[in-house]
Amino acid sequence: MVPWLLLALPLGATAAAGSDKLLGVHPSALAKYTPTKSNTWKCLDGSKEISWNAVNDDYCDCPDGSDEPGTSACPDSRFWCKNEGHIGAYIHSSRVGDGLCETECCDGSDERPGTCPNRCKEIGEAYRAKRDAELKIQKTGSKIRSTYIAFAHKERKRLEDLAASLEKDIVAKEKEVEKLREIAERTESLTQAALDHKRQSPLYQSLLNHNKALKSLKREYKKHADKEKQLGQILDSLRTGYNPNYQDMAVLEAVRGWEELAGLPHINDVKKDGEESSTPEPESEKTEEAVDDGLWTADELDSELDDLIGTDYTSLLLEHEDHINTPTEDSLLFKITSYIPDAWLPQYEAWKDNFVDWLEKLGIVSEESSGSSTEATRAQQALTEANAELAHMKREKTESESDVLKIFNPEHFGAEGEWKKLDDTCINHEVGDYTYELCFFKEAKQKPNKGGSNFSLGRFQSWNKDARPGSPEYYSKQVYQHGTRCWNGPERSVVVLLTCGVENTIYSVQELEKCEYQFKGTSPALCLPPGKEPQNHEEL
Ligand code: MAN
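Residues numbered from 1 in each chain as written. Predicted model: local features only at pLDDT ≥ 70, side-chain atom pairs only at ≥ 80, totals over all residues. Heavy atoms only, no water.

1. Considering the packing of helix α3 (residues 202-241) against helix α4 (residues 249-262)
Across the interface, α3 lies against α4 with an axial gap of 10 Å and an inter-helix angle of 125°. The angle between α3 and α4 places the two elements in the oblique class. Crossing angle aside, the handedness with which α3 passes α4 is left-handed. Contact residues: α3 offers Gly232, Leu235, Asp236, Leu238 and Arg239, while α4 offers Val251, Ala254, Val255, Trp258 and Glu259. For the contact of α3 with α4, the residue count by class is 6 nonpolar, 1 polar and 3 charged. (Axes fitted to C-alpha atoms, helices over the stretch in contact; angles between N-to-C directions. Helix = DSSP H or I, 4+ residues; strand = E, 2+ residues; numbered from the N terminus. Parallel < 35°, antiparallel > 145°, perpendicular 65-115°, else oblique. Left-handed = near helix turned anticlockwise from the far one by under 90°. Contact = heavy atoms within 4.5 Å. Nonpolar A, V, L, I, M, F, W, Y, C, P; charged D, E, K, R; others polar.)

2. Details of the nonpolar core
Counting 27 residues, the largest nonpolar core has Trp419, Leu438, Phe440, Val494 and Phe519 as its most contacted members. Secondary-structure elements contributing two or more residues to this core are β6 (434-439), β8 (455-463), β10 (493-500), β11 (505-513) and β12 (516-523). Looking at this core element by element, the count peaks at 3 residues for β10. Setting aside chain neighbours within four positions, we find Phe519 in contact with Tyr436, Glu437, Leu438, Ala444, Leu457, Val494, Val495, Val496, Leu497, Ile506, Ser508 and Val509. (Core = buried A, V, L, I, M, F, W, Y, C linked by side-chain atoms within 4.5 Å. Buried < 20%, exposed > 50% of the residue type's maximum accessible area, 1.4 Å probe, protein only.)

3. Remarks on α4
Note on helix geometry: an α-helix contains 3.6 residues per turn, so any two residues three or four positions apart are oriented the same way. Over its 14 residues, α4 runs 20 Å from end to end, which matches the ideal 20 Å to within 8%, given 1.5 Å per residue. Residues of α4 that are buried: Val255, Trp258, Glu259 and Ala262. Along the axis of α4, the buried residues cluster in a sector spanning 100°; they form a single face. When the buried face of α4 is taken as reference, the exposed residues oriented beyond 90 degrees from it are Met249, Ala250, Glu253, Glu260 and Leu261. Taking the backbone nitrogen of Ala250 as reference, a side-chain oxygen 3.1 Å away marks Asp248 as the first, capping residue of α4. Note on α4: the residue one or two positions beyond its end, Gly263, has a positive phi of about 70°. (Expected span 1.5 Å × (residues − 1). Arc of directions from axis to C-beta. Polar contact = N/O pair within 3.5 Å; in protein donor to acceptor, adjacent residues only side chain to side chain.)

4. Observations regarding the pattern of salt bridges
Tallying each qualifying case throughout the model produces 27 salt bridges. Residue Lys121 is joined to Glu125 by a salt bridge in which the shortest nitrogen-to-oxygen separation is 3.3 Å. Pair noted here: Lys121 and Glu125 are both in helix α2 (residues 120-199), with a separation of 4 residues, about one helical turn. For Glu418, the salt bridge goes to Arg145, with nearest N and O atoms at 3.3 Å. Of the two residues, Glu418 is situated in the loop between α11 (372-407) and β5 (426-431) and Arg145 in helix α2; the sequence distance between them amounts to 273 residues. Take Arg145: its relative accessible area is 5%, and that puts it in the buried class. Because the salt bridges share partners, they merge into one network encompassing Arg95, Glu102 and Glu104. (Salt bridge = Lys/Arg side-chain N within 4 Å of Asp/Glu carboxyl O.)

Following this line, the structure appears as structure tokens:
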């Protein structure tokens, strides 16, 4: 039962008794407005005793203004409008008897009788209809809100379980990584030993000797070529500079011999024609040298010998290995490990090493055929993969743990976790050329309807910083900042104003200042169960 009905009865009775001394008095203070036996009355602050007739006589006697609750005589007092049929309310004393009909005083009791009609019934009815509708929304909304809270509890459980199971997986993975590291190190050293052994091969050693021989031949060849060049220059000087008049047969023979060897015309004939090229063209450049099949020409020797000498014989050795080994599938021994339970792997590895050793000693398999180099690569790969999985698990666990802490934190998803359900839930509203999107706790966007690129209007920054975390006001505002920068302006940002509603929705978008947007919307997360919401009015 609403309290005003109860309180209205004694007031009505007193007023009917013919006293307007109680006009403008709040029901809780009515008892204080009673005259003494000697028909006096004390100001409410106790400062003065006045005649009961001086109460509400339109003259201010008391310093606290308490003697004039129903007139405008005292400058700073309040008039209580009973507003029967609606909600009682105070108005300032200055508005009493000013000839204006205030909505706050719908019964018109602050004005002379007949000045303002009593509209409390219709105003009260409209108010109650609106309040009932709101209450209905609040009730429905709060039911939805309680499902959000249930979701948050489930989510916390899920994340805690996930973190716990990740913890177990991490311990197991760490052991696996350790084991794989040992295997990788072991196979790595095995590979080095195997390679050293391969290098003892007669074929490899012979290749090294061939290489040494080629290098030596090249060095000797260069020495001879240099000497030949110098000799040619000496003979050229002799050919062009000797005096034929001396008839020195030895010189003439030497010149003729050189001319023949170098394919040069006789110097006397040249001098007759009046031309001479001082440097003879080498024989090889004039006529293509005939070489046996497959042998290199001088040109090829020049260009390819260095490449040949620079061959990487170790790679060649390994390629040769690959080539001569029958093209088998991957080592069966290695593959078996994928079928063996983790706990048995160390024993298996030890057994395998022994077994392979024996096979090698007995000559049944060679070291090469055990595929140690492939295994080293595989082992390294397996280690890298396991390490990456371990890092991923650790990251996931840290994220789960920090998400758990956020769920019931009033500064994040609310003290009851009622906002967690909306994390990354997106809603839209179309205005003009744009559709505005809000993804709760993530980002707001402006999307052009007729094509073109989207603008980010900012990422979630905070709730209402002016309110206390946990209070309804705190959750009635969200701030999204640092969106795409406006041409010659600020970074785009949004303030989202939220009220209780049965749906998560945006119903209005405004650009209040250039690139500063205001969204208005509703969410069930804001609907507190009726009775838990803060009370603003007192009803009569
Ligand atoms: C785009 C939109 C508008 C904004 C202007 C500013 O057209 O983001 O909302 O006012 O850029 O240049």
